[in-house]
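Take a look at the letters that make up each chain.
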Amino acid sequence: MELGRPRRGLQKKFVASLLIVGFTPGIVALFATYLYSTQTLKNTIGDSFQQLASSTARRIEVMIDDEINEARHLAAAPLTIRFSVVTSNHAYRRKSESAVRAQLLERSARWERFRAGKEPTLPGFIDQPTLLYIQNWLTVRPGEYNNILVTDERGALIAGVSPDATYLHGDELWWREAYADGRGGLFVSDIYEETPGVYLLDIAVPILNDARTRAIGVVKFEVRRDSLMKAIMEIRVGERGHGMLLNTEGTPLICPVLPPKAHLINDPLMKQLMQTKPGWVVAEDDAHGGYNSIVGFAPITFANRLTEASLGGNKWYAFVRQDPAETYAPVYSLLRTVGLIGFGLVTVLASLGFFIGRLIVKPVLMLQEQADAIRQGVRDLASAGRFDRARMDTAGRRVAVRTGDELESLALAFNQMTEALDESLKTIRDQEDELVRREKLASVGQLLAALAHDIKNPLGVIRSSAQLVLDEHQTDAVKREVAQYVIDETDRLTSRINHFLRFARQKPPEVRPVGVRAVLEAALQEWRALGRGAPVAERLDIAPATPDLLVDPDQVKEALVNLLLNAREAMPQGGTLTVSARADAAGGKPAMVEVRIADTGAGISPEHLKQVFEPFFTTKDYGTGLGLTNVKRLVEDNGGQLAIHSEPGRGTDVVLRLPASAR
């Protein structure tokens with residue numbers, strides 16, 4: 001593969017590319033201009049919204065203060081309002097408290113009958129001159145009030161324009177706040193819905209005595225919200241901008257877009273709005289579906305001091321917003337224009353950059369391709385057989401690059417690395433062959449040494465026993481005993497050879513369902529037949545509902561017999577052998593059966609416990625050291641697991657986890 005280019009430095013190529021894309025400062029400048037324009041627009045619109053909110057707040061303040069002054073003016077009328085209240089209060093002085101309460105309840109009942117139409121004439125305790133006066137007073141401002149009430153110091157009704165009001169008002173909030181136990185106070189309620197579609201605002205002022213030192217009654221105006229709506233509805237910002245009146249709970253009291261209290265202002269925005277001075281903010285969510293909206297606000301403060309319970313215990317704020325899409329429309333238009341110009345520039349520069357980048361990247365891709373090929377070749381070497389590895393090499397992985405710059409130097413270094421890798425692979429193959437040869441010789445030597453050691457002693461016993469049998473002077477009893485020695489040593493040789501054969505080649509298991517008890521009892525029976533030495537107490541414990549095994553029963557029995565023989569050899573003075581089986585408590589899938597063989601023998605030291613499964617390892621004066629190695633292989637070939645827990649002086653516990661048969 002060849003790639004020829006004039007000799008130039010790679011650094012110069014990158015510098016040239018950077019110069020081509022040098023329009024980046026222009027983009028930064030445009031972006032900075034965009035940010036500056038946006039911030040200027042926000043400041044301008046924010047100041048405008050702040051002024052709108054402030055003027056709206058002032059208008060609402062003036063409206064409420066005017067209504068309070070009107071109520072005070074009505075409450076101060078001496079010949080009508082105050083006279084009737086004084087007269088009503090004076091009547092209570094001549095009666096006991098119980099008599100007063102009885103009178104109030106009796107009048108309340110009569111008033112309710114009148115309201116229900118059961119009495120044709122107005123009750124006499126309603127002061128008709130006062131009623132006529134407030135009715136004439138209403139004609140000056142028609143449609144502005146829903147009702148006007150005059151009450152005495154007990155909260156009893158003296159006169160009311162509308163019969164919808166009840167007679168006793170002493171327990172109502174507006175009366176308690178305005179009367180204030182005779183101290184007097186100014187109360188303005190929150191806006192509430194009296195009937196569907198009818199929203200009212202209560203204004204209650206005290207009626208003072210002649211000395212103006214004590215409240216003797218209360219005048220209440222039920223003001224229609226429409227007068228306040230005018231101050232809000234007149235705010236129009238663009239096509240979708242509007243004003244609102246809301247309280248500190250985030251409840252919109254007047255909103256031209258949505259019904260009152262149909263939505264709430266979110267807490268983060270309310271925290272921004274709850275200030276003591278007018279201002280504007282950028283709201284992440286303006287509660288009208290707008291995000292990053294510019295919002296102007298102004299707190300509403302009244303010239304008159306209101307009671308703490310006024311306005312529902314909250315404060316009012318004037319709120320002005322506009323749909324963000326409409327607010328930022330000029331900026332978006334500018335952004336679209338700049339974007340189209342920028343897209344054209346990027347398209348042209350991208351085409352040019354693609355051409356130049358191809359010239360620079362192509363050699364790198366060639367190097368990468370060859371590096372991947374070498375990596376795959378090394379991976380194949382790791383998984384191939386020795387014969388295949390001997391035929392594999394990477395000599396053909398060479399890259400020819402003629403660019404006259406650092407890429408050419410990189411390709412040269414790559415080729416040198418490939419040659420070094422070839423040499424290393426050849427060295428590794430030679431060393432591998434030598435290691436395999438030495439390992440085979442070591443294994444054969446170890447196997448022959450173990451086999452010679454285990455065969456030599458029995459052959460000596462057999463030879464000496466045969467000599468005794470040939471001796472004509474020996475008695476028949478001695479000859480029988482010697483013949484038994486020959487049989488025992490022959491059996492021992494057979495056992496040793498079987499261990500070696502088991503270690504050398506392993507027959508695949510033939511699994512089938514088999515009962516746990518059948519396998520354990522068969523192993524114990526064979527173990528008893530091979531029994532020698534001190535008596536050992538046996539315990540067989542199979543838990544109820546233990547499932548059958550799915551194993552090769554002959555191989556598992558062979559493994560169990562080996563483990564049982566080891567347990568007996570660990571208890572030369574006798575002891576207790578416990579064999580138990582149960583379903584594996586760990587559960588999971590596939591299901592397993594746990595078999596334990598525990599003895600009370602001498603145990604195994606920790607350093608020996610780490611080596612018990614190694615071939616030819618034994619601490620006995622006899623044996624091949626392949627017993628536990630073969631046992632572990634048999635268990636694992638049948639899909640099981642084997643673990644040994646031992647403590648010197650306290651015995652050994654062998655745990656087998658074997659596959660269970662599905663029921």
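Residues numbered from 1 in each chain as written. Predicted model: local features only at pLDDT ≥ 70, side-chain atom pairs only at ≥ 80, totals over all residues. Heavy atoms only, no water.

### Quick word on the environment of Val188
And then number 1: Tracing the chain through its elements places Val188 in strand β3 (residues 187–188).
And then number 2: As for Val188 and Thr307, which are separated by 119 residues in sequence, their C-alpha atoms are 8.1 Å apart.
And then number 3: Discounting chain neighbours no more than four positions away, the residues touching Val188 are Ile64, Ile68, Leu201, Asp202, Ile203, Leu306, Ser310 and Leu311. (Helix = DSSP H or I, 4+ residues; strand = E, 2+ residues; numbered from the N terminus. Contact = heavy atoms within 4.5 Å.)

### Examining the packing of aromatic side chains
Each pair of aromatic rings is reported with the distance of its centres and the angle of its planes.
And then number 1: Taken as a whole and assessed by the stated rule, the structure comprises seven aromatic pairs.
And then number 2: Pairing Phe125 with Tyr167 gives two aromatic rings, centres 5.0 Å apart and planes at 70°, and the pair type is edge-to-face. Taken together, the positions of Phe125 in the loop between α4 (97–115) and α5 (128–139) and Tyr167 in the loop between β2 (157–160) and α6 (173–179) put the pair 42 residues apart, joining distant regions of the chain. The pair formed by Phe125 and Tyr167 is uniform in burial state, with each residue classed as buried.
And then number 3: Measuring from ring centre to ring centre gives 4.7 Å for Trp175 and Tyr179, while their planes differ by 15°; the resulting arrangement is stacked. One end of the pair is Trp175 and the other is Tyr179, both in helix α6 and four residues apart, which spans about a single turn. As far as the burial class goes, Trp175 and Tyr179 line up, both buried.
And then number 4: Grouping aromatic residues by their ring pairs yields a cluster made of Trp137, Tyr145 and Phe221.
And then number 5: Between Arg154 and the ring centre of Tyr92, over which it is positioned, the NZ or CZ distance is 5.5 Å. (Phe/Tyr/Trp six-rings, centres within 6.5 Å; stacked < 30°, edge-to-face > 60°. Buried < 20%, exposed > 50% of the residue type's maximum accessible area, 1.4 Å probe, protein only. Lys NZ or Arg CZ within 6 Å of the ring centre and 35° of its normal.)

### Focus on α4
And then number 1: An ideal rise of 1.5 Å per residue puts 27 Å on 19 residues; α4 measures up with 27 Å between its terminal C-alpha atoms.
And then number 2: For α4, the full list of buried residues reads Val100, Gln103, Leu104, Ser108, Trp111 and Phe114. All buried residues of α4 fall inside an arc of 135° around its axis, so they share one side.
And then number 3: Looking at the buried positions of α4, the neighbouring elements they touch are α3 (78–93) and β2.
And then number 4: Positive backbone phi, approximately 85°, marks Gly117, located one or two places after α4. (Expected span 1.5 Å × (residues − 1). Arc of directions from axis to C-beta.)

### What to know about the confidence of the model for the protein chain
Where the model shows low pLDDT, its predicted coordinates should not be examined in detail.
And then number 1: Scored by pLDDT, the protein chain has a mean of 77; 68% of the residues are at 70 or more.
And then number 2: Per-element confidence in the protein chain is highest for β3, whose mean pLDDT is 94, and lowest for helix α11 (residues 386–391), whose mean pLDDT is 46.
And then number 3: This model gives residues 1–8 a pLDDT under 50, and the stretch forms 23 contacts once residues within four places in sequence are excluded.
And then number 4: Counting contacts from residues 385–392, a segment whose pLDDT is below 50, to residues more than four positions away or on other chains yields 13 contacts. (pLDDT = per-residue confidence, 0-100.)

### A short note on the sheet that holds strand β14 (residues 536–542)
And then number 1: Taken in spatial order, the five strands line up as β14-β16-β17-β19-β18 in an open sheet, and their pairing is mixed. Every other strand in the sheet has two partners, leaving β14 and β18 (641–647) as the edge strands with one partner each. Averaged over all pairs of adjacent strands, the angle between strand axes in this sheet comes to 10°, irrespective of strand direction.
And then number 2: Where β14 and strand β16 (residues 575–583) come together, seven bridges link them in parallel fashion. (Pairing = 2+ DSSP bridges. Axes fitted to C-alpha atoms, helices over the stretch in contact; angles between N-to-C directions.)

### Concerning the nonpolar core
And then number 1: The biggest cluster of nonpolar side chains holds 53 residues, and the ones touching the most others in it are Ile60, Ile64, Ile191, Val219, Phe221, Leu245 and Trp316.
And then number 2: With 11 residues, helix α2 (residues 24–75) is the single largest residue contributor to this core.
And then number 3: Leu245 has contacts with Ile60, Ile191, Ile232, Thr251, Pro252, Leu253, Ile254, Ile300, Trp316 and Tyr317, leaving out every residue within four places of it along the chain.
And then number 4: Counting residues in each nonpolar core, the second largest holds 35 residues, with Ala523, Leu549, Met571 and Ile644 among its members. (Core = buried A, V, L, I, M, F, W, Y, C linked by side-chain atoms within 4.5 Å.)

### Things to note about the packing of helix α14 (residues 516–529) against helix α15 (residues 553–569)
And then number 1: At a closest axis distance of 9 Å, the pairing of α14 and α15 adopts a crossing angle of 50°. Between α14 and α15, the angle is such that the two are oblique. Both α14 and α15 take part in a crossing whose hand is right-handed. Together, Val519, Leu520, Ala522, Ala523, Leu524, Glu526, Trp527 and Arg528 of α14 and Val556, Lys557, Leu560, Val561, Leu564, Leu565 and Arg568 of α15 make up the contact between the two elements.
And then number 2: The residue inventory of the contact of α14 with α15, partitioned by class, reads 11 nonpolar, no polar and four charged. (Parallel < 35°, antiparallel > 145°, perpendicular 65-115°, else oblique. Left-handed = near helix turned anticlockwise from the far one by under 90°. Nonpolar A, V, L, I, M, F, W, Y, C, P; charged D, E, K, R; others polar.)

### Concerning the environment of Ala522
And then number 1: Here Ala522 shows up in helix α14.
And then number 2: Judged by relative accessible area, Ala522 falls into the partly exposed class, the value being 32%.

### Quick look at the pairing of strand β17 (residues 592–599)
And then number 1: Of all eight residues that make up β17, six are buried, and the element is covered over most of its length.
And then number 2: Pairing of β16 with β17 involves seven bridges; the strand directions are antiparallel. Residue pairing in the sheet places Thr578 in a bridge with Ala598 of β17.

### Examining unusual backbone geometry
And then number 1: Here Ala180, not a glycine, exhibits a phi torsion of approximately 50°, which is positive.
And then number 2: Of the residues examined, Ala180 reaches a relative accessible area of 13% and is grouped as buried.
And then number 3: The phi dihedral of Leu311 falls on the positive side, at around 60°, and the residue is not glycine.

### Here's the deal with the pattern of salt bridges
And then number 1: In the structure shown here, the tally under the stated rule is 18 salt bridges.
And then number 2: Its salt-bridge partner being Lys220, residue Asp202 comes within 3.7 Å of it at the nearest N-O pair. Within this pair, whereas Asp202 is found in strand β5 (residues 198–208), its partner Lys220 is found in strand β6 (residues 215–224), the two being separated by 18 residues in sequence.
And then number 3: Judged by its relative accessible area of 6%, Asp202 is buried.
And then number 4: One connected set of salt bridges, linked through shared partners, spans Arg582, Glu594, Arg596 and Asp653. (Salt bridge = Lys/Arg side-chain N within 4 Å of Asp/Glu carboxyl O.)

### What about the side chain of Asn89?
And then number 1: Structurally, the position occupied by Asn89 is in helix α3.
And then number 2: Given the relative accessible area of 3%, Asn89 is considered buried.
And then number 3: Polar side-chain contacts of Asn89 include one of 3.0 Å to the backbone nitrogen of Glu153.
And then number 4: In this structure, Asn89 is in contact with Asp152, Glu153 and Ile216, ignoring residues within four places of it in sequence. (Polar contact = N/O pair within 3.5 Å; in protein donor to acceptor, adjacent residues only side chain to side chain.)

### Some remarks on the side chain of Asn247
And then number 1: Residue placement: Asn247 occurs in strand β8 (residues 241–247).
And then number 2: Judged by its relative accessible area of 2%, Asn247 is buried.
And then number 3: A polar atom in the side chain of Asn247 sits 3.1 Å from the backbone nitrogen of Glu249.
And then number 4: When sequence neighbours within four positions are dropped, the list of residues in contact with Asn247 reads Asp190, Leu253, Met270, Asn314, Lys315 and Trp316.

### Concerning the packing of α3 against α5
And then number 1: Packing of α3 against α5 leaves a shortest axis separation of 9 Å and a crossing angle of 140°. The pairing of α3 with α5 is recorded here as oblique in orientation. Note on packing geometry: the crossing formed by α3 with α5 is left-handed. Contact with α3, carried on its side by Thr80, Ile81 and Ser84, involves Thr130, Tyr133 and Ile134 of α5 and no other residues of that element.
And then number 2: Its residues placed into classes, the contact of α3 with α5 shows three nonpolar, three polar and no charged.

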